[in-house]
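The lines below spell out each chain.
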Amino acid sequence: MCGIVGYVGRRPCRDILFDGLRKLEYRGYDSAGISVVQDGRFSLLHSVGNLDNLEGILDQIENGGTTGIAHTRWATHGRPSSENAHPHTDCSGRFAIVLNGIVENYVPLRAELQAEGHEFTSQTDAEVVAHLIERAYQGSLHEAVVEAYRQMEGHFTYCVIAVDEPDVIVGIRKETPLVVGLGDGENYLASAIPAFLSQTRSVIFPEDAEVVVITSEGAELFDLDGLPVRRDTQTVDWDDEAAEKAGYETFMLKEIHEQPTSLAETLAGRIAHDGSVVLEDLGLTPELIREIEQVVIVACGTSYHAGLLGKYALERWARLPVEVEVASEFRYREPVIGDDCLCIAISQSGETADTLAAMRLARQAGAGVLAVTNIVGSQATREADGVLFTRAGLEIGVAATKTFLTQELAMLLLALYLAEARGHLSPTEVRAFTDQLRTIPGLLRDYLEAGAAATVNEVASVYAPSRFFLCLGRNLGLPVALEGALKLKEISYIPTDAYAAGEMKHGPIALLEEGSPVLVVATDSFIYDKLMSNVQEVKARGARVIAVASQGNKGIEEIADDVLYVPKVHEMLSPLLSVVPLQLFAYYVAKNRGEKVDQPRNLAKTVTVE
Ligand code: AGP
């Protein structure tokens, strides 16, 4: 989720590039850099931290060159540091590149290039691109970019400048954004429109594997064989704020729609060709993994729900006893744990005070601590023995959506990894699951692109005036129901309870009266029939049932008043899809009630106080 901007034209571009970066700050930042072609060489600046730091040193390069690229980084590989900041250059200093995304095969590529004598100066996956282009260059930057692209796996966008071709920028994308801005005697390449919106509203959206060559005169697009491609120029009428939200009405809605990409980032490079799970930096040797007797998961809010889902996977696949506890309670207990315990702390921010305190308590008791977090360099990463990054990209909406889904996926990967290492799942069994996991980002993308938001809005608008909601689920459906209820509470302010469906008859069923809306997570599972008996019980009390069900389940239409279908997948993976209609449901209930969903009352994105 980095931000890229490139400029070629007639004006000195240092400050234009910096202004572009400012507009991309919402995409995340932990370091930044600029490179401008000037007098037959690059003027290059890197800084760590937010853009104020780069601004403070900006006058170290003259504002003279008229071609340049800039980057604001959201670390995925390599810690935030000056050497890991983009742009990266090759050994000869003739090419500079910026990249957004992940080069999944960077490890073998790097080894191959090093064996040929290329010297690397960073720990990033991105630097391989500079060296691939150096190796491929034979007088045409365009051709070298194509050659590098052919060797790279993953999902990424990169833009390149060359001292030998000082009036050109070449860019290419694969499953990550790249947009061309067409000005008068100047042109732009960027990862998002806000980067150049103050300069031009004429844009071209290249597709994957189309090479874009921009000069001050215009933009040309080619396919990988060098044949010209025609794409229409479009005019955007967004204001600055709409542009930051990529045209969505809120950050939350944008982030819900970013979930397929976020899931792809979480998976990137973590499933090997043989289908096994590859997790680096866990801080767990095979011996340590075998010695684990107990797992304790600590987290708050949405992250706690991801922990509950993790429990099902760790128990079922890795046969480990797992306790999940809200961190604010765990920190004041006297837990009976020791050095055979693995404590997993889940926190998107990595800064939640209660979760950090719970981690410290577990560590004092002798447990090893693994942090599952979205933020590189956060406090949780500094205090843990190992880290599993969720790679959701920066989340701005206070109500967590894409960070939840990526936490859930990270926990599934971890459970499969531990299950195989402990001998509870065979490589073939693991492969069966990882093969299906690979399909999830695409299934979710298709679901969202087929108009899920509009479908859910239709149903949500009917129930928006409700005074109370009940959410029900069983087994893996229960954490999903809990998360759906939390979303409703956070952004619509409607009192909502979530319960294990089998527990209804022990009390909560008394809440129901004629017309009470009950959301049920009813995707296909071994416990579906039992759940349906519970649904009959609530129907008999006059409740209106809104069911989230697997595509193809026509029978449920006879019981439920409304059905929100999601693609059918293995029940262990189904929460990755079934929670999305609940996010959308909460979203549209809130919107229909006129609430401001991005900044719900009384809430903060990161809770750094007890
Ligand atoms: C989720 O929508 C909330 N914003 C909140 O429950 C959040 O999940 C909780 O505060 C934990 O935050 P963390 O993941 O950053 O630790």
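Residues numbered from 1 in each chain as written. Predicted model: local features only at pLDDT ≥ 70, side-chain atom pairs only at ≥ 80, totals over all residues. Heavy atoms only, no water.

**Structural notes on the overall build of the chain**
Move 1: The helix and strand inventory of the chain stands at 19 helices and 25 strands.
Move 2: Relative to a compact globule of 610 residues, whose C-alpha radius of gyration would be 25 Å, the chain shows 25 Å and is just as compact.
Move 3: Here the chain, with 610 residues, has 60% of them falling under the buried criterion.
Move 4: Once local pairs closer than 6 in sequence are excluded, the contacts in the chain between residues at least 24 apart make up 71%.
Move 5: Accessible surface, the chain: about 22,900 Å² in total, of which carbon and sulfur atoms supply 46%.
Move 6: Distance between charge centres in the chain, computed from 52 positive and 86 negative side chains, equals 5 Å. (Helix = DSSP H or I, 4+ residues; strand = E, 2+ residues; numbered from the N terminus. Rg over C-alpha atoms; globule rule 2.2 N^0.38 Å. Buried < 20%, exposed > 50% of the residue type's maximum accessible area, 1.4 Å probe, protein only. Contact = heavy atoms within 4.5 Å. Areas by Shrake-Rupley, 256 points an atom, 1.4 Å probe, with all protein chains shown as cover. Lys, Arg positive; Asp, Glu negative; His and termini not counted. Charge placed at Lys NZ, Arg CZ, Asp CG, Glu CD.)

**Quick look at the packing of helix α14 (residues 402–421) against helix α15 (residues 427–449)**
Move 1: Where α14 meets α15, the closest approach of the two axes is 10 Å, and the angle between their N-to-C directions is 165°. Between α14 and α15, the angle falls in the class roughly antiparallel. Like other packed secondary-structure pairs, α14 and α15 cross with a definite hand, here left-handed. Seen from α14, the contacting residues are Leu405, Leu409, Leu412, Leu413, Leu416 and Glu420; seen from α15, they are Pro427, Val430, Phe433, Thr434, Leu437 and Leu444.
Move 2: Of the residues belonging to the contact of α14 with α15, the class tally is ten nonpolar, one polar and one charged. (Axes fitted to C-alpha atoms, helices over the stretch in contact; angles between N-to-C directions. Parallel < 35°, antiparallel > 145°, perpendicular 65-115°, else oblique. Left-handed = near helix turned anticlockwise from the far one by under 90°. Nonpolar A, V, L, I, M, F, W, Y, C, P; charged D, E, K, R; others polar.)

**Here we look at the domain arrangement of the chain**
Move 1: Parsing the chain into structural domains produces domain 1 (3–243), domain 2 (251–443) and domain 3 (452–592).
Move 2: In this structure, domain 1 and domain 2 have C-alpha centres spaced 33 Å apart.
Move 3: Run the count over domain 1 and domain 2 and you get one residue pair in polar contact (both at pLDDT 80 or more).
Move 4: Of the residues assigned to the side of domain 1 that touches domain 2, the class counts are five nonpolar, five polar and five charged. (Domains from an automatic or database assignment. Polar contact = N/O pair within 3.5 Å; in protein donor to acceptor, adjacent residues only side chain to side chain.)

**Quick look at α14**
Move 1: With 20 residues, α14 ought to run about 28 Å at 1.5 Å a step, and its terminal C-alpha atoms sit 29 Å apart, in line with that.
Move 2: The element α14 is largely enclosed, with a buried count of 17 among its 20 residues. (Expected span 1.5 Å × (residues − 1).)

**Regarding a negative patch on the surface**
Move 1: A contiguous patch of negative charge, built from Glu291, Glu293, Asp339 and Asp340, is present on the exposed surface.
Move 2: Looking at the secondary structure, you find glutamate 293 in the loop between α9 (286–291) and β16 (294–299). (Patch = residues over 30% accessible without salt bridge, like charges linked within 9 Å, V, L, I, M, F, W, Y side chains within 5 Å. Salt bridge = Lys/Arg side-chain N within 4 Å of Asp/Glu carboxyl O.)

**Notes on empty space enclosed by the protein**
With a probe scaled to a water molecule rolled over the atoms, the places where space remains empty come into view.
Move 1: For the structure shown, the criterion picks out five cavities of 30 Å³ or more.
Move 2: In this model, the largest cavity occupies a volume close to 100 Å³.
Move 3: Taken together, 13 residues form the lining of the largest cavity, with Arg474, Leu476, Gly477, Thr523 and Ser525 sitting closest to its centre.
Move 4: Elements that contribute at least two residues to the lining of the largest cavity include exactly β23 (517–522) and α18 (528–540).
Move 5: Looking at side-chain class alone, the lining of the largest cavity contains six nonpolar, five polar and two charged residues. (1 Å grid on protein atoms, 1.4 Å probe; cavity = no way out; pocket = protein on both sides within 12 Å on 5 of 7 lines; lining within 4 Å. Points joined across faces, edges and corners; volume = space filled by probe spheres on them.)

**So, the side chain of threonine 157**
Move 1: Tracing the chain through its elements places threonine 157 in strand β7 (residues 154–162).
Move 2: Side-chain polar atoms of threonine 157 contact the backbone oxygen of proline 177, separated by 3.0 Å.
Move 3: Aside from chain neighbours lying at most four places away, what touches threonine 157 is Ile4, Val98, Leu99, Asn100, Ile172, Arg173, Thr176, Pro177 and Leu178.

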